[in-house]
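# Architecture and fold: a report
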Amino acid sequence: MGGKHHILTLAQKLAMLPQAGLPQKIMTVAGHPKWHAPKFSKRRLADLKKEALAAGHEWPMAEYEKPERPPGKSFHETRIFFSKGHKDERLKPAREANIAKQMAEMPAKIAAWREAKKASKTKETSELQKILSSDKKEY
């Protein structure tokens, strides 16, 4: 598999593509299919592509390659089929909106808390509380 291909020229290797870059389904004598590995591995195909493009040749395997991911997009945004992704990624916009809403209400909540704290310190005790807290000797 790998021994003869280093002797071939670039033009000869490109002439073998795309068949040599894809797995082959061979029918056996008994009529059962058997898969054969591609003649060029993915690493050798990558090296061959760099060499061909540098030499100005057209790359014959372009239709078999996956489209490149656009820069700045996450893995889940570029999937052909919908992918759920991580739960925290899905809920992040709603969580950030809730945080912004709560922070907008925060000054009013702090003021209400301060008023309640101040009122609890100066609160008058009721008659029942006075009776319960006083000594029994007075009654």
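A brief look at the structure comes next. Just so you know, these numbers come straight off a predicted model, no measurement behind them.

## Some details on the environment of leucine 8
- Assignment of secondary structure puts leucine 8 in the segment before helix 1 (10–16).
- Apart from residues lying up to four places away in sequence, leucine 8 is in contact with Lys13 and Met16.

## Here we look at the environment of glutamate 51
- Locating glutamate 51 in the fold gives a position in helix 2 (residues 42–55).
- For glutamate 51, a relative accessible area of 43% corresponds to the partly exposed category.
- Note: C-alpha distance between glutamate 51 and leucine 10 (41 residues apart in sequence) is 8.0 Å.

## A look at helix 2
- In a regular helix each residue adds 1.5 Å, so 14 residues correspond to 20 Å; helix 2 covers 20 Å between its end C-alpha atoms and thus fits that length.
- Of all the residues in helix 2, the buried ones are Leu45, Leu48 and Ala52. For helix 2, the arc enclosing every buried residue in end-on projection is 65 degrees, short of the 170-degree limit, so these residues lie on one face. Those residues of helix 2 that are exposed and aimed more than 90 degrees away from the buried face are Arg43, Lys50 and Ala54.
- The inward-facing, buried residues of helix 2 abut helix 1.

## Let's talk about the pairing of strand 2 (residues 33–36)
- Taken together, the four bridges between strand 1 (residues 24–27) and strand 2 define a ladder with antiparallel strand orientation. Bridge pairing in strand 2 places glutamine 24 opposite histidine 36.
- With antiparallel pairing between neighbouring strands as the criterion, strand 1 and strand 2 make up a hairpin whose turn holds five residues, including glycine 31 at a positive phi of roughly 90 degrees.

Definitions and cut-offs
- Residues numbered from 1 in each chain as written.
- Predicted model: local features only at pLDDT ≥ 70, side-chain atom pairs only at ≥ 80, totals over all residues.
- Heavy atoms only, no water.
- Helix = DSSP H or I, 4+ residues; strand = E, 2+ residues; numbered from the N terminus.
- Contact = heavy atoms within 4.5 Å.
- Buried < 20%, exposed > 50% of the residue type's maximum accessible area, 1.4 Å probe, protein only.
- Expected span 1.5 Å × (residues − 1).
- Arc of directions from axis to C-beta.
- Pairing = 2+ DSSP bridges.

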